[in-house]
Structures are given as structure tokens and as C-alpha cells.
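Overview (structure and organization)
Listed below, chain by chain, are the residues.
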Amino acid sequence: MPEPSRSGLSLPSPGSRRAVVVGAGSFGTAVAVLLARGGLRTTLQARTREQADVLSRERENAVYLPEVPLPRELRIEAVSAGLGRADYVFLGVPSVGLDEVIEGLEQAGAPQRAAFVSLAKGLVPPEGAAPTVMLRARFGARRVACVGGPAHAQEMVTAGAGLVAASTDERLAATLAQVFNRAGVVCELSNDPIGVELAGAAKNAAALAAGATERQGLNAAGAAAGHIFAEVWRWAEIQGARPESLIGLAGTGDLVATALAPQSRNRRAGELLADGVSAAEIPARIGQAIEALESVPLLARALDQADVEAPVTAALGRLIAGELPLDDWVGLVRTTVPPPARWRGPRPGFWRRLWARVRYALVRRS
């Protein structure tokens with residue numbers, strides 16, 4: 001029987017619905033655990049049959065989420081099993097490979113009624129599109145959502161998190177929030193998926209920048225993070241995103257959690273860059289994919305194509321590529337002056353920003 005939600009909508013009972021989480025990394029595994037706790041009939045899909053067999057036998061993801069028992073009711077299989085009976089498909093793969101995954105969803109047997117939920121906090125190559133933009137173009141906005149917010153995987157399944165479920169479809173967002181709430185995790189509803197996704201991308205970039213700059217001074221680290229958020233916001237505004245998405249749980253909330261976490265992959269990657277370790281070596285050093293190393297160059301390119309002035313994000317991309325020495329990066333962060341505040345009347349550059357919005361929309365349609 002349908003259940004009422006806090007928004008007043010009548011929502012489907014979780015036990016009658018099936019979810020598949022594609023990707024058995026730390027966050028994908030943690031989300032699968034929560035979905036099972038929240039009452040969805042959940043399957044976690046690992047990349048290979050061998051990995052699925054290990055998870056099934058040990059009932060623990062010792063590599064990516066150690067010491068967290070996998071619920072008995074959580075089914076585990078390889079991605080080759082397909083998506084034939086899924087009502088909700090959660091995409092827990094790094095954004096750098098998300099385009100190939102999206103291309104294969106229909107071939108994997110995803111039902112026409114299925115909804116697709118992105119868990120990525122990065123951008124999709126080659127153009128640096130937000131994941132929900134690509135999903136929306138293929139499946140329609142009503143079947144697409146994303147999840148953001150401060151959610152370190154280990155803590156999320158043991159002590160909780162502050163999630164954001166975002167979709168332009170209110171019923172889909174409310175259903176996701178209901179499931180997470182039933183699992184004991186606070187989940188905010190949002191109708192701004194682009195804003196939530198770009199907040200996540202900005203957070204990863206800012207955490208990487210802060211990690212690379214912290215030893216040069218906390219003021220410099222804070223300035224680097226602040227500049228990047230401001231630069232991404234100017235791009236998000238062109239796409240119709242709302243400021244509260246970047247200053248709320250999905251943006252600054254997630255940034256603070258990442259900046260404070262010693263185990264943060266993006267912050268640690270920034271520290272390794274400052275030590276002179278190349279970007280190509282860092283994932284092996286940390287043992288997992290580092291979303292910001294892939295998404296920052298895409299972000300810098302997208303900002304440039306949208307005519308958004310973004311000197312700090314562009315410089316971070318050059319630091320990752322090994323084209324900018326650390327001292328020059330820190331010097332640029334310390335001397336960059338943001339655009340002036342708006343005092344009265346139209347903000348300078350109004351027509352330029354309007355044209356940028358129009359051009360961005362035309363490029364997306366072509």
C-alpha cells in the first residue's frame with residue numbers, strides 16, 4: 001500500500017520495489033547497504049564475477065568498505081547479470097567512465113519504467129557534462145535523479161550522513177528521500193539536480209586545491225577553495241542552478257566534511273600533488289579512483305567554453321597536468337582578485353552572461 005511522504009505525495013511501498021547499484025566501490029557498497037535497510041529489494045553489482053563471488057562469500061567488502069557487514073537480504077552479482085527487473089538503477093561508478101555505462105544501460109535490459117540515480121561527484125568526458133544532463137538527454141528528466149551531500153561511506157552506514165536527493169520529478173526525489181530516511185539517514189529533497197551535481201564537482205575540486213595548498217598556509221588553502229566555488233557557481237548560474245544548492249549540504253556541507261576527513265581521497269590527492277607525485281601515480285598510491293583528478297581538467301575546459309572567468313580552476317588543471325609549479329599555483333591563489341560585488345543597477349557583464357546562457361543552451365541542443 002502506498003505510503004504518504006513528508007511532501008504529501010503518496011509514494012510506493014519500498015518493499016515492492018527493486019534497486020540495482022552498479023559499482024561495488026566504497027560509496028556504491030554503502031548506498032546498497034542503506035537501500036537494503038530502507039526496504040528496497042536491493043542488488044549490488046560488482047565489476048567482475050570473481051569480485052561478486054568474494055563479496056557473496058565473505059558478506060563484507062574488505063577492500064573498499066571493511067568491517068561493515070553486508071545485509072543478508074542484499075543480493076550480490078556481476079554487472080553482466082543485467083538490469084532486467086530494476087525499478088531504480090543507482091550508478092556508483094566514477095564519472096570518467098560514466099558515459100560508457102550510460103550508453104550500455106538499455107542494452108543491459110533496463111526497463112522503460114526504471115529511474116536512474118547518479119552517485120558521481122564529477123563530470124563526464126569529453127565535454128564535462130553533469131551526469132544527470134547525459135541521463136536526461138537519453139531517458140527524460142522524470143526518470144533521472146542524483147544524490148549528493150556529506151557522505152563518507154564508512155560513517156554513513158554506521159552513524160549517518162546528510163544526503164540530498166535531487167530530481168526535477170518531485171515524486172522520484174521524495175521516494176529516494178523516504179528510503180534513505182527509513183534507513184536512518186537524513187535526506188533533503190531538492191529539485192535542482194544540476195546545482196547538486198556541480199556542488200559535488202566544486203567540492204571535489206576545492207578539496208584537492210586545499211590539500212595541495214594547505215602546507216603553504218591555511219589562508220591560501222581557504223582562498224583556493226573559495227575561488228573555485230565562486231567560479232563554479234558562475235557556471236552553475238548559467239545553467240539555471242540555484243545558490244542554495246552550493247551553499248547547503250551538497251556544497252559547503254560536503255566540503256567541510258571532506259576538508260576535515262584525514263581519509264579524504266581528494267584532499268590526500270592534493271597533498272600528494274604538493275609532494276611532487278604525478279597525477280598518474282596518485283590513484284595507485286591511494287588505492288581508489290580520485291574523481292577530482294579527472295573532473296578538474298574537464299571543469300576548467302567547460303568554464304572556458306562557457307566564457308566564465310575561472311583563473312584558479314584553470315590553474316588547478318595545469319597543476320594536475322604537471323604544467324604549473326606548486327609555488328606558481330600558490331602565488332596565483334594568493335593574488336587572484338574575485339570579480340567586484342554588485343552594488344546598484346545591472347551587474348556589469350549582464351549581456352555577456354545572458355549571451356553565455358543562450359549559447360550554452362544552443363550547444364546542448366545541437
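Read on for a plain summary of the structure. Bear in mind that the values here come from a model prediction, so they are computed numbers and not experimental data. Residue numbers restart at each chain and count upward from 1, following the sequence in its written direction. Given that the model is predicted, a residue must reach a pLDDT of at least 70 before its local features are reported, and side-chain atom pairs must reach 80 or more before they are shown or counted; all residues, however, enter totals for whole chains, interfaces and linings. Based on all heavy atoms of the structure, the side-chain values leave hydrogens and waters out of the count.

**Quick look at the environment of Gln51**
A run of H or I in DSSP becomes a helix once it reaches four residues, and a run of E becomes a strand once it reaches two; helices and strands are each numbered from the N terminus. You can see Gln51 is positioned in helix α2 (residues 49–58). Sequence separation between Gln51 and Gly331 is 280 residues, and the spatial gap between their C-alpha atoms is 46 Å. Those residues within four positions of Gln51 in sequence are excluded, and the remaining contacts are Ala24, Ala46 and Tyr64. A polar side-chain atom of Gln51 sits 3.3 Å from the main-chain amide nitrogen of Arg47. Throughout, a contact is declared for two residues whenever any of their heavy atoms are within 4.5 Å. Polar contact is defined as a pair of N or O atoms within 3.5 Å, subject to the rule that within protein one atom must be able to donate a hydrogen and the other to accept it, and that residues adjacent in sequence are counted only when both atoms are side-chain atoms.

**What about the pairing of strand β9 (residues 115–118)?**
Sheet faces and side chains relate simply in a regular strand, where the side chains alternate between the two faces. Note on exposure labels: buried denotes an accessible area under 20% of the residue type's maximum, exposed denotes more than 50%, and partly exposed covers the range between, all computed with a 1.4 Å probe on protein chains only. Residues Ala115 and Val117 line one face of β9 and the alternating positions Phe116 and Ser118 line the opposite face, and both faces are buried. Looking down the strands as they point away from the viewer, one classifies a crossover as right-handed if the path from the first strand across the helix to the second runs clockwise. A crossover connection joins strand β8 (residues 88–91) to the parallel β9 through helix α3 (residues 98–103); in handedness this β-α-β unit is right-handed. Taking the sense of rotation as the criterion, the β-α-β connection linking β9, helix α4 (residues 131–139) and strand β10 (residues 144–148) turns out right-handed.

**A short note on the packing of helix α8 (residues 218–238) against helix α15 (residues 326–335)**
Between N-to-C directions, angles span 0 to 180 degrees; the directions come from axes that are lines fitted to C-alpha atoms, helices contributing only their stretch in contact. Taken N-terminus to C-terminus, the directions of α8 and α15 make an angle of 70°; their axes are 9 Å apart at the nearest point. If you check the angle between α8 and α15, you find them roughly perpendicular. Contacts between α8 and α15 involve Ala220, Ala223, Ala224 and His227 from the former and Trp329, Val333 and Arg334 from the latter. Classification convention: Asp, Glu, Lys, Arg as charged; Ala, Val, Leu, Ile, Met, Phe, Trp, Tyr, Cys, Pro as nonpolar; all other residues, Gly among them, as polar. For the contact of α8 with α15, the residue count by class is five nonpolar, one polar and one charged. Oblique is the label for any angle not under 35 degrees, not over 145, and not in the 65 to 115 range, which are roughly parallel, roughly antiparallel and roughly perpendicular in turn.

**Observations regarding unusual backbone geometry**
A cis geometry characterises the amide bond from Pro125 onward to Pro126, with omega recorded as 5°. With respect to the helices and strands, Pro126 occurs in the loop between β9 and α4. Despite not being glycine, Glu67 has its phi angle at roughly 65°, a positive value. Residue position: Glu67 is located in strand β6 (residues 65–69). Residue classification places Glu67 among the exposed positions, given a relative accessible area of 71%. For Asp307, which is not glycine, the phi dihedral falls at a positive 60°. Mapped onto the fold, Asp307 is located in the loop between α13 (291–305) and α14 (311–320).

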